[in-house]
There are 2 protein chains.
Amino acid sequence: MSSEFPPFAVTVDLVVLTLRDGHLHTLVVDRGVEPFIGVPALPGGFVHPEEGLTEAARRELAEETGLRLPEAHLEQLASYGDPGRDPRMRVVTVAYLALAPDLPLPVAGTDASDSRWLPTDTLLEGAPPLAFDHARILRDGVERARAKLEYSPLATAFCPPEFTIAELRRVYEAVWGTPVDPRNFHRKVTGVDGFLTPTGDTTTRDGGRPAQVFRRGPATLLHPPLTRPAAPRTPPSAAD
Amino acid sequence: MSSEFPPFAVTVDLVVLTLRDGHLHTLVVDRGVEPFIGVPALPGGFVHPEEGLTEAARRELAEETGLRLPEAHLEQLASYGDPGRDPRMRVVTVAYLALAPDLPLPVAGTDASDSRWLPTDTLLEGAPPLAFDHARILRDGVERARAKLEYSPLATAFCPPEFTIAELRRVYEAVWGTPVDPRNFHRKVTGVDGFLTPTGDTTTRDGGRPAQVFRRGPATLLHPPLTRPAAPRTPPSAAD
DNA sequence: TCAAAAGTGTTGTACGTACACCCATGC
DNA sequence: GCATGGGTGTACGTACAACACTTTTGA
């Protein structure tokens, strides 16, 4: 190989999901420049020459939301690099998935002033349309989140550090879009080794009998997994 | 955004797995240029300016192995872009996973003349060491393959178009690295709707009582999944 | 007739769903 | 007391691992 190589632009784009009043929401920003000026898009930007990809994603997340890790979960999703996906130049984007607890957003007076939370399900239906191929990236991100709730303790990333089982259950219901039996759910999650560690406290913030308060436990894999009611599982789009 | 952007090189690298005499093997090429000259590496190369990422992976696969799709399964794995992973310049590589039936390889007189199959398990143990961060990419690829055998009909990608249940079972045993009960396996795979379609033929090529011959069925998701015996599942390396 | 591999039956256990029921609080 | 949500007990179904057993071939 010579030192000649075709130059590409490399960006990161973020699918940032959170729960607001019981429904899944996605962070979008209105684009300030052409192309797609004024159109909502996933937050993201160019990778700097001296930073890693995850580092770039973390930086963009902080710039757009004021959010710092490890409050949020961040993982690589897939890369998208069709020629022509950006009319200006050849761009390969590395997409990341971030899950965050409900946040005071956006912080006015920052880069994030144009950012807002939109309901994920209407975005998935195409209202409003997203710039570039971001609808597809969002679809892949949501499907990844749905699948990972089954076998990982990821749902806790949507919760504050201390939470009740009912709050955790509402995460599952919102992400999966299906009701979950509170009684069986309780037994299951308390039975999975290392998923939840009790703080010893109780709270009545949900009304009714006081509920135990938990913190996330050390488990990284749920065994046995929590299975969602047989639903049409979207196959991933085999990102290119 | 201006039209100024930091230029990156973008490559594809391939984790190509096959089965040879009952063991998983990985395709490697000996590097012909610095850095890492003479060191085995995963096949791959620069993405051309006018081709998509998957297209580039398919082209490299054909160039290195003479293999054409859809004989083989090909899917995106993850992207790796640490600054410094290539000493020459800033390179982001998009890794792909390919699974192929046993092949007559390499074809002498082509670009692939330096390519050969090495046993995957010794490569995972670091013998011989691979160039760049390819050991990590290989680890992620193998773990992806192991996981996907559970819930997808991917194991058939290692088989010729027509195969017996015993042959399919040997794929599972080789990839998972654990023995599988032939009787329960038989019942399970024949019970999963759409996994296998019988051809009506039988063969005695495995010895003993004649076995039915099957082709891959239309299912894309296995339900219920085939679960591997509880083994230490390598968590993915959260590619950067 | 024997070895080898295909394929079936049976049983104990683990885990899932559904839902009746009791417990502890605020009002 | 009564409504509200937290948490437990029980019954029944499905699926799985383990392994005894029968079938069909080649040598």
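See the structure printed just above.
Our subject in this report is the structure included herewith. What you are looking at is a predicted structure, and each value in this text was computed from that prediction instead of being measured.

1. Here's the deal with the relation of the copies chain B and chain A
- Superposing chain B onto chain A requires a rotation of 180 degrees together with a translation of 0.1 Å along the rotation axis, leaving an RMSD of 0.1 Å. The operation mapping one copy onto its partner corresponds to a two-fold rotation axis.
- An overlap of 100% is found between the interface residues of chain B and their copies at the interface of chain A, pointing to a shared contact surface.

2. Let's talk about the protein's contact with DNA strand C
- Taken together, 21 residues are adjacent to DNA strand C, and Asn184(A), Arg209(A), Ala166(B), Arg187(B) and Asp206(B) come closest.
- Asn184(A) is positioned such that a nitrogen or oxygen atom in its side chain is 2.9 Å from a base nitrogen of DNA strand C.
- In this structure, Lys188(A) approaches DNA strand C through a side-chain N or O atom, which is 3.2 Å from a phosphate oxygen.
- At the level of secondary structure, the elements contributing two or more residues to the surface near DNA strand C comprise α5 (182–191) of chain A together with α4 (165–176), α5 (182–191) and β10 (211–216) of chain B.
- A breakdown of the residues in the surface near DNA strand C according to their chemical character gives six nonpolar, six polar and nine charged.

3. Focus on the packing of aromatic side chains
- Throughout the structure, instances matching the rule amount to eight aromatic pairs over all chains.
- Consider the rings of Phe5(A) and Phe46(B), whose centres lie 6.2 Å apart with planes at 20 degrees: the pair is stacked. Of the two residues, Phe5(A) is situated in the segment before β1 (9–20) and Phe46(B) in strand β4 (residues 44–46); the pairing between them involves two chains.
- We classify Phe5(A) as partly exposed; its relative accessible area is 26%.

4. Thoughts on the interface of chain B and chain A
- Each partner contributes residues to the interface: chain B has 34 residues there, and chain A has 34 residues.
- The tally of links between chain B and chain A comes to zero salt bridges.
- The tally of links between chain B and chain A comes to ten residue pairs in polar contact (both at pLDDT 80 or more).
- Looking at the side of chain B that touches chain A, the elements that each hand over two or more residues are β1 (9–20), α1 (53–65), β5 (73–80) and β6 (91–99) of chain B.

Here is what the cut-offs are and how they apply
- Residues numbered from 1 in each chain as written.
- Chains lettered and ligands numbered in written order.
- Predicted model: local features only at pLDDT ≥ 70, side-chain atom pairs only at ≥ 80, totals over all residues.
- Heavy atoms only, no water.
- Least-squares fit on C-alpha atoms with pLDDT ≥ 70 in both.
- Contact = heavy atoms within 4.5 Å.
- Near = heavy atom within 4 Å.
- Polar contact = N/O pair within 3.5 Å; in protein donor to acceptor, adjacent residues only side chain to side chain.
- Helix = DSSP H or I, 4+ residues; strand = E, 2+ residues; numbered from the N terminus.
- Nonpolar A, V, L, I, M, F, W, Y, C, P; charged D, E, K, R; others polar.
- Phe/Tyr/Trp six-rings, centres within 6.5 Å; stacked < 30°, edge-to-face > 60°.
- Buried < 20%, exposed > 50% of the residue type's maximum accessible area, 1.4 Å probe, protein only.
- Salt bridge = Lys/Arg side-chain N within 4 Å of Asp/Glu carboxyl O.

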